[in-house]
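Structural characterization, general
Chain by chain, the residues run as shown.
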Amino acid sequence: MPTYCIFTVVMSSVRNPVTPESLVRPEILALHAYHVQPSPGMIKLDAMENPYILPESVRAELAAVVSSASINRYPDASAATLKDSIRKTGNLPSDIDILLGNGSDEIIQLLAMALAKPGATLMSVEPSFVMYKMIAAFTGMQYVGVPLAEDFSLDMPAMLASIRTHQPALIFLAYPNNPTGNLFVAADIEAILQVSNGLVVVDEAYYAFADNSFLPRLGEFDNLLVMRTFSKLGMAGLRLGFLAGPRNWLEQMEKLRLPYNVGVLPQRVAEVLLQHHDVLLQQAAQIKADRTWLYERLVGTVDVHAYPSNANFILFRLSHAGKVFEGLKQRGVLIKKLDGSHPALADCLRVTVGSPEENERFIKALQESIHQNI
Ligand code: PMP
């Protein structure tokens, strides 16, 4: 072929630039990535972490387990030993199955992937955990967020009407709810389970700090699953969550779980930590006592309206929330600014319960920042 001919062929097949805009789904282009604030050197009260490290003896046990772990091998894909400890710790009956996730975030995604038939709806309430809505977008599900009542309880007439209209395949209810901290009325959740033709997942991320749980109710409803995470119990760095429910549901979800989603080290470390569940629960009890201290200080602070909490954080509302948040940052304390994230959270901030010293530093910095902005 003469040279000019090859040139013509190449020229005629020159393509348009390949850009994310030309290929990525529009609903993903429209998303903002989940933002984590940098926090080096700060008192970190923004992410519902447990402020306590483990006792020296438990850390020594962990070191031994890690040093002998076979990280040259793939993990046990069925994580049988860990699942067994979770089953024992949670007193789960034998007809209730467990699925493990790389954090409960992964389980939310897996549930959505399984139920994302064309046009299927994922429903939650608002304000609640933002990943429900984000994951609906990731998986191509329609999202419906039913506004909570003004006191952040479930608005049952709205909820029931919305379920009737949208027939959601999947409903997430965070129990206690993040970021509001309250437990919904259990009878309301039962009513939702009864009318819903879809799956209802009670997300108990904050179970260790709460007065009630749906875990013992598993098996009572054919559409109830309960999800928990170890993140708030002192294992946020491990990335471990689980879903519990009737075998027929869990069998289907297992098909979507990537075979080695929980590594050798998280499995072995969590097994040891669950043998010391009492230590973790003691830390949770301390956090609950400190939550009372923190709540009372917030309630006693001029211009602050604090919401009662069943979790390891407290939501509060005050004037000039944005400026007060910045004032706290300048004083070395990082909490979560919710103002601007949802209309029901105007002028709201959320603080995680830290150690007693951290809580005191936070209250002092808060009072100074409020004073500065009056
Ligand atoms: N559910 C709720 C209600 C949460 O607040 C969070 C974390 N903020 C999660 C699930 C996810 O937790 P993880 O992925 O750490 O298990």
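An account of the accompanying structure is given in this report.

Rules behind the numbers
- Residues numbered from 1 in each chain as written.
- Predicted model: local features only at pLDDT ≥ 70, side-chain atom pairs only at ≥ 80, totals over all residues.
- Heavy atoms only, no water.
- Helix = DSSP H or I, 4+ residues; strand = E, 2+ residues; numbered from the N terminus.
- Buried < 20%, exposed > 50% of the residue type's maximum accessible area, 1.4 Å probe, protein only.
- Contact = heavy atoms within 4.5 Å.
- Polar contact = N/O pair within 3.5 Å; in protein donor to acceptor, adjacent residues only side chain to side chain.
- Pairing = 2+ DSSP bridges.
- 1 Å grid on protein atoms, 1.4 Å probe; cavity = no way out; pocket = protein on both sides within 12 Å on 5 of 7 lines; lining within 4 Å.
- Points joined across faces, edges and corners; volume = space filled by probe spheres on them.
- Nonpolar A, V, L, I, M, F, W, Y, C, P; charged D, E, K, R; others polar.
- Near = heavy atom within 4 Å.
- Areas by Shrake-Rupley, 256 points an atom, 1.4 Å probe, with all protein chains shown as cover.

Turning our attention to the environment of Asn50. Considering the arrangement of structural elements, one finds Asn50 in the loop between β1 (43-44) and α4 (56-67). Of the residues examined, Asn50 reaches a relative accessible area of 12% and is grouped as buried. For Asn50 and His277, which are 227 residues apart along the polypeptide, the C-alpha to C-alpha distance reads 14 Å. The residues contacting Asn50, other than those within four sequence positions of it, are Lys232, Leu233, Gly234, Gln283 and Ile287. Within the structure, Asn50 has its side chain in polar contact with the backbone nitrogen of Tyr52 (distance 2.8 Å). At a separation of 2.9 Å, a polar atom in the side chain of Asn50 contacts the side chain of Gln283.

So, about the pairing of strand β10 (residues 313-317). Counting buried positions along β10 yields four of five residues, so the element is predominantly enclosed. Inspection of the sheet shows strand β9 (residues 305-306) paired to β10 by two bridges, in the antiparallel sense. Residue pairing across strands places Ala306 opposite Phe316, the latter belonging to β10. Where β9 hands over to β10, the hairpin turn is made up of six residues, counted between the paired strands. One ladder, built from five bridges, connects β10 with strand β13 (residues 348-352); its direction is antiparallel. Counted as the bridge partner of Arg317 is Cys348 from β13.

Let's shift gears to empty space enclosed by the protein. In this approach a probe as big as a water molecule rolls over the atoms, and the regions it shows empty are the leftover space. For the coordinates displayed, the defined rule picks out one cavity of 30 Å³ or more. Estimated volume of the largest cavity: approximately 60 Å³. Lining of the largest cavity is provided by 14 residues; of these, Ala77, Ala79, Leu100, Arg257 and Asn261 occupy positions nearest its centre. Partitioning the lining of the largest cavity into residue classes produces seven nonpolar, three polar and four charged.

A separate point is the site of the ligand. Neighbouring the ligand are 14 residues, the closest being Ser104, Asp203, Tyr206, Thr229 and Ser231. Asp105 places a polar main-chain atom, nitrogen or oxygen, 3.1 Å from an oxygen atom of the ligand. When the ligand is considered free in solution it has 400 Å² of accessible area, and contact with the protein chains removes 93% of it. Here the shell around the ligand is composed, by residue class, of five nonpolar, five polar and four charged.

Between Glu126 and Pro127 the backbone carries a cis peptide bond, its omega angle lying at 0 degrees. Along the chain, the position of Pro127 falls in the loop between β3 (121-126) and α7 (130-138). Between Tyr175 and the following residue, Pro176, the backbone shows a cis peptide bond with an omega angle of 0 degrees. Take Pro176: it is sitting in the loop between β5 (170-174) and α9 (186-195). The backbone of Asp303 shows a phi angle near 80 degrees, a positive value even though the residue is not glycine. Following the sequence through the fold, Asp303 ends up in the loop between α12 (277-299) and β9. Judged by its relative accessible area of 41%, Asp303 is partly exposed.

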